[in-house]
Amino acid sequence: MSYEPMTQEQAINQLVTVVLALAHSQAAVNHDHTLARLGGAVIACRNSGFGDGYALQIFEQVFPGKALPIVLSDEEFAKKQRELGQ
């Protein structure tokens, strides 16, 4: 199988389209988990200095009008779990 050469922009657009399709599928199966993971990916991209352009665009298309989740450290999460008695 041969592939025609493509531009970097075409490759990125193809990847974004595939990731968006996968994100929609996953959100249909497990909405809350997908929201947390995609939101966490946006925040991780920001914190790593990559920018969040594509990641945020995907998040907003899969979860229109939803705010990014609040990300807790492992210690903060464990504390919340203890407070909730879980």
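Residues numbered from 1 in each chain as written. Predicted model: local features only at pLDDT ≥ 70, side-chain atom pairs only at ≥ 80, totals over all residues. Heavy atoms only, no water.

Draft legend 1. Examining the environment of Gln-57 more closely. Among the secondary structure elements, Gln-57 is positioned in helix 3 (residues 53–62). Residue Gln-57 is classed as partly exposed on the basis of its relative accessible area of 35%. With 46 residues separating them along the chain, Gln-57 and Ala-11 place their C-alpha atoms 17 Å apart. (Helix = DSSP H or I, 4+ residues; strand = E, 2+ residues; numbered from the N terminus. Buried < 20%, exposed > 50% of the residue type's maximum accessible area, 1.4 Å probe, protein only.)

Draft legend 2. Broad picture of the side chain of Thr-34. Tracing the sequence through the fold places Thr-34 in helix 2 (residues 31–48). For Thr-34, a relative accessible area of 4% gives the class buried. Those residues in contact with Thr-34 that lie beyond four places of it in its chain are Ala-23, Gln-26, Ala-27, Gly-39 and Phe-63. (Contact = heavy atoms within 4.5 Å.)

Draft legend 3. Representation of the confidence of the model for the chain in the model. Averaged over all residues, the pLDDT of the chain equals 92, while 97% of them reach at least 70. Least confident of the elements in the chain is helix 4 (residues 74–83), whose mean pLDDT is 88; most confident is helix 1 (residues 8–29), at 95. (pLDDT = per-residue confidence, 0-100.)

Draft legend 4. Layout of the packing of helix 1 against helix 2. Two numbers describe how helix 1 lies on helix 2: the axes approach to 6 Å, and their chain directions differ by 140 degrees. One element, helix 1, and the other, helix 2, form an angle in the oblique class. Mapping the contact onto sequence places Ala-23, Gln-26, Ala-27 and Val-29 in helix 1 and His-31, Thr-34 and Leu-38 in helix 2. Across the contact of helix 1 with helix 2, the residue classes break down as 4 nonpolar, 3 polar and no charged. (Axes fitted to C-alpha atoms, helices over the stretch in contact; angles between N-to-C directions. Parallel < 35°, antiparallel > 145°, perpendicular 65-115°, else oblique. Nonpolar A, V, L, I, M, F, W, Y, C, P; charged D, E, K, R; others polar.)

Draft legend 5. Just the nonpolar core, in detail. Among the nonpolar cores identified, the biggest contains 12 residues, and these are Val-16, Leu-20, Ala-23, Ala-27, Leu-35, Leu-38, Val-42, Leu-56, Ile-58, Phe-59, Val-62 and Phe-63. Where this core is concerned, the elements lending two or more residues are helix 1, helix 2 and helix 3. Excluding residues within four positions of it along the chain, Phe-59 makes contact with Leu-35, Leu-38, Gly-39, Val-42, Lys-66, Ala-67, Leu-68 and Pro-69. (Core = buried A, V, L, I, M, F, W, Y, C linked by side-chain atoms within 4.5 Å.)

Draft legend 6. Geometry of helix 2. With 18 residues, helix 2 should reach 26 Å at 1.5 Å per residue; the first-to-last C-alpha distance of 25 Å fits that figure. Where helix 2 is concerned, the buried positions are Thr-34, Leu-35, Leu-38, Gly-39, Val-42 and Ile-43. In a view along the axis of helix 2, the buried residues occupy a sector of 160 degrees, so they form one face of it. For helix 2, the exposed residues set more than 90 degrees away from the buried face come down to Arg-37 and Asn-47. On its buried side, helix 2 packs onto helix 1 and helix 3. Phi turns positive one or two residues past the end of helix 2, at Gly-49, with a value near 85 degrees. (Expected span 1.5 Å × (residues − 1). Arc of directions from axis to C-beta.)

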